[in-house]
Amino acid sequence: MSQPSAPTRAYRLAVFGAPIKQSKSPLIHTMFGQQAGLEIHYDAREAPAGTLAEALGVLAAEGGVGANITAPLKQEAMRLATSVSSRVRRAGAANTLSLTENGWRADTTDGAGLVADLERLGLSPGGVSIHILGAGGATAGILAALLEAGARRVDIYNRTAATAVALAEAHADLGEVKGQGFDALPGRAADLVLNATSLGHHGQAPPLHREMFANGAACYDLNYGTAAAPVLAWCAEQGIPAFDGLGMLVGQAAVSFETWTGFRPDPAPVLQALGDAEF
Ligand code: ATR
């Protein structure tokens, strides 16, 4: 006699931002759902600045239980949440919302996604010195995770020195972290150099110097696709191992998915599928 099969649990989820058409999140979360044996309805919804509360209301009315948030809404997401994680408070931005009885809870999974991807690549931040180029939202989202993963020292360099200094001060209790302007480069050699500027979207690399890299050091660009190409090309010329941020994208999605469903997906096959389809 056949047993009635258990009903598949279904989750309604969405990513909000503007522009949003290019988002890979629906594809990534659908693949995670297949791994988990869960029915995932995840779509990308265009939401310009100032419209997130209304858009989330629509999602909740449809039975939605979670959302990812991307530019330009990450700060707005933090402001309208009824509870926020300590990482969100520190970063001033959120990328993951979960519906609770008391409203939306905000978290940020970018830092955990980056650390997981660095570990996958054999570049664990534990005990190493790190240069971060850029001090915008991307850096704010990863700094606490890098320090909490045990980075020995983090130096942030930015075109606008004051932003780097402020970000370092806001994280000083977590470890050794210093902010400065690009004029302080190359600074002392680091084990890992991260590009967290948005220059790649304009076909440009941030200032890079051979002296920034210790022997055996690697480079990781938080961008992926064509936006990572300028940094990867410079590193290839120099013989420096370099990686783009596609693994961080999948890694942050995996942490969000676990937040909503309790299932921790394996990023590896999803990363492989995206990499095969890439650009
Ligand atoms: P994100 O949220 O992706 O970090 P952002 O907050 O706009 O985007 O930050 C972009 C980063 O790239 C910042 O560090 C920015 O430097 P400033 O703080 O000086 O603006 C950096 N960036 C953007 N355009 C740049 C340029 N033309 N030259 C140097 N740095 C640039």
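Each chain has its residues counted from 1, following the order in which its sequence is written. Reporting in this predicted model follows two pLDDT cut-offs: at least 70 for local features of residues, and 80 or more for side-chain atom pairs to be given and counted; totals over whole chains, interfaces and linings ignore these cut-offs and use all residues. The basis for every side-chain value is the complete set of heavy atoms in the structure, and neither hydrogens nor water enter the calculation.

## So, the overall build of the chain
Moving on, step 1. Working definition: helices are DSSP H or I runs of at least four residues, strands are E runs of at least two. Numbering for both runs from the N terminus. Helix and strand counts for the chain come out as ten helices and twelve strands.
Moving on, step 2. Based on C-alpha atoms, the radius of gyration is set beside the globule rule, defined as 2.2 Å times the residue count to the power 0.38. Taken over C-alpha atoms, the radius of gyration comes to 19 Å for the chain, in line with the 19 Å a tight globule of 279 residues would show.
Moving on, step 3. Taking the principal axes of its C-alpha atoms as reference, the chain extends roughly 70 × 40 × 35 Å.
Moving on, step 4. Here's how the labels work: a residue is buried when its accessible area is under 20% of the maximum for its type, exposed when over 50%, partly exposed in between, all with a 1.4 Å probe on protein chains only. Buried residues in the chain amount to 49% of all 279 residues.

## Notes on the side chain of T108
Moving on, step 1. Within the secondary structure, T108 sits in the loop between β6 (103–107) and α5 (110–120).
Moving on, step 2. By relative accessible area, which is 8% here, T108 ends up buried.
Moving on, step 3. Residue contacts are defined here by distance: any two heavy atoms, one from each residue, within 4.5 Å place the two residues in contact. With sequence-adjacent residues up to four places away left out, T108 is seen in contact with S85, R87, V88, A93, A94 and N95.

## Brief notes about the sheet that holds strand β11 (residues 213–221)
Moving on, step 1. Two strands are said to pair when DSSP picks up at least two bridges between them. Pairing in this open sheet of six strands is parallel, and the strands run β9-β8-β7-β10-β11-β12 from one edge to the other. Sheet topology places β9 (177–181) and β12 (242–243) at the edges, where each strand pairs with a single neighbour.
Moving on, step 2. Looking at chain direction, β11 and β12 are connected through two bridges and run parallel. The residue bridging C219 from the neighbouring strand is A242, located in β12.

## What about the domain arrangement of the chain?
Moving on, step 1. All the domain ranges listed were derived from an automatic or database domain assignment. Domain annotation of the chain identifies domain 1 (10–108 + 252–275) and domain 2 (111–244).
Moving on, step 2. Computed over C-alpha atoms, the centres of domain 1 and domain 2 are 25 Å apart.
Moving on, step 3. Facing the seven residues of domain 1 at the interface are 14 residues of domain 2.
Moving on, step 4. For the domain 1 and domain 2 pair, buried surface summed over both sides reaches about 890 Å², with 54% attributable to carbon and sulfur atoms. As used here, buried area is the combined drop in accessible area, with a 1.4 Å probe, of two parts when they are placed together.

## Here's the deal with helix α1 (residues 25–36)
Moving on, step 1. Between its first and last C-alpha atoms α1 spans 16 Å; for twelve residues at 1.5 Å apiece the expected length is 16 Å, and the two agree.
Moving on, step 2. Looking at the buried residues of α1, the elements they touch are β1 (10–17), β2 (39–46), β3 (66–69), α9 (246–261) and α10 (267–276).
Moving on, step 3. Just downstream of α1 lies G37, where phi reads positive at about 70 degrees. Expected helix span is taken as 1.5 Å per residue step, with the number of steps being one fewer than the number of residues.

## So, the site of the ligand
Moving on, step 1. A molecule or strand has a residue near it when one of that residue's heavy atoms lies within 4 Å. Surveying the vicinity of the ligand reveals the residues G134, A135, G136, G137, A138, N158, R159, T160, F182, T197, S198 and L199.
Moving on, step 2. Between A135 and the ligand, the recorded distance is 2.9 Å, taken from a backbone N or O atom to an oxygen atom.
Moving on, step 3. G137 is positioned such that a nitrogen or oxygen atom in its backbone is 3.1 Å from an oxygen atom of the ligand.
Moving on, step 4. Here the residues of the shell around the ligand sort into four nonpolar, seven polar and one charged. Throughout this description, a polar contact denotes any pair of N or O atoms lying within 3.5 Å of each other; where both atoms belong to protein, one of them has to be capable of donating a hydrogen while the other can accept it, and for residues adjacent in sequence the pair is counted only when both atoms sit in side chains. Gly is put with the polar residues, along with every residue not named as nonpolar or charged; the nonpolar set is Ala, Val, Leu, Ile, Met, Phe, Trp, Tyr, Cys and Pro, and the charged set is Asp, Glu, Lys and Arg.

## Remarks on the environment of P206
Moving on, step 1. Looking at the element boundaries, P206 is found in the loop between β10 (190–195) and β11.
Moving on, step 2. Among the residues examined, P206 registers a relative accessible area of 4% and is labelled buried.
Moving on, step 3. Sequence separation between P206 and F182 is 24 residues, and the spatial gap between their C-alpha atoms is 9.0 Å.
Moving on, step 4. With near-sequence residues (within four places) excluded, P206 lies in contact with L133, N195, T197, L199 and V231.

## Description of the side chain of T109
Moving on, step 1. Within the secondary structure, T109 is located in the loop between β6 and α5.
Moving on, step 2. Reaching out from T109, the side chain makes a polar contact with the backbone oxygen of Q252 at a distance of 3.0 Å.
Moving on, step 3. Not counting residues up to four positions away in its chain, the partners in contact with T109 are N95, T96, Q252, V255 and S256.

## Brief notes about the environment of N215
Moving on, step 1. Inspection of the secondary structure puts N215 in strand β11.
Moving on, step 2. Its relative accessible area of 82% is what places N215 among the exposed residues.
Moving on, step 3. Considered as a pair, N215 and D117 are 98 residues apart in the sequence and their alpha carbons are 21 Å apart.

## A closer look at the packing of aromatic side chains
Moving on, step 1. Two rings from Phe, Tyr or Trp (for Trp, the six-membered ring) form a pair when their centres are within 6.5 Å of each other. A pair whose planes differ by under 30 degrees is stacked, one over 60 is edge-to-face, and the rest are tilted. Enumeration according to the criterion identifies four aromatic pairs in this entry.
Moving on, step 2. Judged by centre distance (6.4 Å) and plane angle (85 degrees), the rings of F257 and F263 are edge-to-face.
Moving on, step 3. Look at F257 and you get buried, because its relative accessible area is 0%.
Moving on, step 4. Members of the aromatic cluster, each reached through a chain of ring pairs, are F32, F257 and F263.

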